[in-house]
Amino acid sequence: MTLMPNAITAAPLLSVRGLTRRYGARIGCADVSFDLYPGEVLGIVGESGSGKSTLLSCLAGLQPPDQGQILFDGTDVLTLPEAERRRLLRGDWAYVHQNPRDGLRMGVSAGGNVGERLMAVGARNYGAIRATATDWLGRVEIAADRIDDRPSAFSGGMQQRLQIARNLVTGPRLVFMDEPTGGLDVSVQARLLDLLRGLVRDLGLSVVIVTHDLAVVRLLADRLMVMKSGRVVETGLTDQVLDDPQHAYTQLLVSSVLQV
Ligand SMILES: Nc1ncnc2c1ncn2[C@@H]1O[C@H](COP(=O)(O)OP(=O)(O)OP(=O)(O)O)[C@@H](O)[C@H]1O
């Protein structure tokens, strides 16, 4: 995987400094800092309980951190008025949940799930909305004749692909993904990963992706951040970190995968 070409000249899209979230005396994540550049994919890895989900939900505005700063394109996200923050969450940002049921409206048709996102950012022409929804279903390999079916009639892999279409249809600049291939059969995971890799590349997406699966970040991420007990213990280019891990914990993570 190549280092993003515009990293040298472009300003970071997302700048995070000292992000900390506690649950009472317990640390969710502590003192996390990083920059994400346009078109870059950052993978956050670590074992269960290492703070990946806490960090992602703080970044995406799903829960407030106790300390720290998040700058998106230079704007201080944590001090934004609520209406502007919501606009950001609807338009510029997207969040792909591990469980598609958390990111889809199960009682609404596949086309409706994609189309209502367009309406939320101002689209009004029914024909154009349906045409765009059909196009996006095609991009995530869902046949056009399933457009009026509800997600409950879809397989897990199809539901996840639909969630991805719903999230990407509005052209977000930053996408958060929480274990997007978790809970799926291995063959379904492989197909979804392939699809995700194509979309990330074709759309030039900036992505923060959380996973415990090193194969996922090997395929998708330009850069890695390894977390342990809520703290970042190692960062670097994905291939460097996975092929030559410096921290003992990363060495353990990598070797435990190799032993499987
Ligand atoms: N709602 C909560 N209330 C109390 N403690 C929490 C809560 N959510 C997370 N924690 C604690 O924060 C720490 C980090 O958990 P987190 O879920 O962020 O880790 P994770 O790496 O995402 O794990 P997993 O992969 O299992 O989801 C853990 O010690 C966890 O017990």
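Residues numbered from 1 in each chain as written. Predicted model: local features only at pLDDT ≥ 70, side-chain atom pairs only at ≥ 80, totals over all residues. Heavy atoms only, no water.

The name given to the protein chain in an unreviewed UniProt entry is Phosphonate C-P lyase system protein PhnK, with the source organism recorded as Paracoccus kondratievae.

## Topic: the environment of Val233
Looking at where Val233 falls in the secondary structure, it is placed in strand β10 (residues 231-237). By relative accessible area, Val233 is classed as partly exposed at 24%. Ignoring anything within four residues of it in the chain, the contact list for Val233 reads Val226, Lys228, His247, Tyr249 and Thr250. (Helix = DSSP H or I, 4+ residues; strand = E, 2+ residues; numbered from the N terminus. Buried < 20%, exposed > 50% of the residue type's maximum accessible area, 1.4 Å probe, protein only. Contact = heavy atoms within 4.5 Å.)

## Some remarks on the site of the ligand
For the ligand, the full set of nearby residues is Tyr23, Arg26, Ile27, Gly28, Glu47, Ser48, Gly49, Ser50, Gly51, Lys52, Ser53 and Thr54. At a separation of 2.7 Å, an oxygen atom of the ligand approaches a polar backbone atom of Gly49. Between Ser50 and the ligand, the recorded distance is 3.0 Å, taken from a backbone N or O atom to an oxygen atom. Within the complex, the protein chains bury 60% of what would otherwise be the 630 Å² of accessible surface of the ligand. (Near = heavy atom within 4 Å. Polar contact = N/O pair within 3.5 Å; in protein donor to acceptor, adjacent residues only side chain to side chain. Areas by Shrake-Rupley, 256 points an atom, 1.4 Å probe, with all protein chains shown as cover.)

## As for empty space enclosed by the protein
Summed over the entire model, instances satisfying the criterion amount to 1 cavity of 30 Å³ or more. Counting residues per element, the ones that place at least two in the lining of the largest cavity are α6 (156-168) and α7 (186-203). It is α7 that contributes the most residues to the lining of the largest cavity, 3 residues altogether. Among the residues forming the lining of the largest cavity, the class breakdown is 2 nonpolar, 1 polar and 2 charged. (1 Å grid on protein atoms, 1.4 Å probe; cavity = no way out; pocket = protein on both sides within 12 Å on 5 of 7 lines; lining within 4 Å. Points joined across faces, edges and corners; volume = space filled by probe spheres on them. Nonpolar A, V, L, I, M, F, W, Y, C, P; charged D, E, K, R; others polar.)

## Describing α7
Its 18 residues place the ends of α7 25 Å apart at the C-alpha level, agreeing with the 26 Å of an ideal helix rising 1.5 Å per residue. All of the buried residues along α7 are Gln189, Leu192, Leu193, Leu195, Leu196, Gly198, Leu199 and Val200. Check the buried side of α7 and you find it contacts β3 (41-45), α5 (126-139), α6, β7 (174-178), β8 (206-210) and α8 (214-220). With its phi angle positive at about 60°, Gly204 sits one or two positions after the end of α7. (Expected span 1.5 Å × (residues − 1).)

## Some points on the side chain of Arg223
Tracing the backbone through its elements, the reader meets Arg223 in strand β9 (residues 223-228). Separated by 2.4 Å, the side chain of Arg223 and the backbone oxygen of Asp35 make a polar contact. Those residues in contact with Arg223 that sit more than four places away from it in its chain are Asp35, Leu36, Glu40, Val41, Leu42, Gly43, Gly236, Leu237 and Thr238.

## Comments concerning unusual backbone geometry
A positive phi angle is found at Asp31, which is not glycine, with a value near 55°. For Glu141, which is not glycine, the phi torsion reads 65° and is therefore positive. Along the chain, Glu141 turns up in the loop between α5 and α6.

## Quick look at the side chain of Glu40
Inspection of the secondary structure puts Glu40 in the loop between β2 (26-36) and β3. Separated by 2.9 Å, the side chain of Glu40 and the backbone nitrogen of Tyr37 make a polar contact.

## As for the sheet that holds β2
Read from one edge to the other, the open sheet built from 4 strands follows the order β2-β1-β4-β5, with strand pairing classed as antiparallel. Edge positions in the open sheet fall to β2 and β5 (75-76), since each of these has one partner strand only. Inspection of the sheet shows strand β4 (residues 67-72) paired to β5 by 2 bridges, in the antiparallel sense. Paired with Leu71 across the strands is Asp76, a residue of β5. (Pairing = 2+ DSSP bridges.)

## Thoughts on the packing of aromatic side chains
One pass over the full model with this rule turns up 3 aromatic pairs. Here Trp93 and Phe176 contribute two aromatic rings whose centre-to-centre distance is 5.3 Å and whose plane-to-plane angle is 75°, an arrangement assigned as edge-to-face. Within this pair, whereas Trp93 is found in strand β6 (residues 93-96), its partner Phe176 is found in strand β7, the two being separated by 83 residues in sequence. Here Trp93 and Phe176 have matching classes, each one buried. Arranged with centres 6.5 Å apart and planes meeting at 40°, the rings of Tyr95 and Phe176 form a pair that is tilted. Separated by 81 residues along the polypeptide, Tyr95 in strand β6 and Phe176 in strand β7 bring together distant segments of the chain. Taken together through their ring pairs, the aromatic side chains of Phe72, Trp93, Tyr95 and Phe176 make up a single cluster. Over the aromatic face of Trp136 sits the side chain of Arg139, whose NZ or CZ is 4.3 Å from the ring centroid. (Phe/Tyr/Trp six-rings, centres within 6.5 Å; stacked < 30°, edge-to-face > 60°. Lys NZ or Arg CZ within 6 Å of the ring centre and 35° of its normal.)

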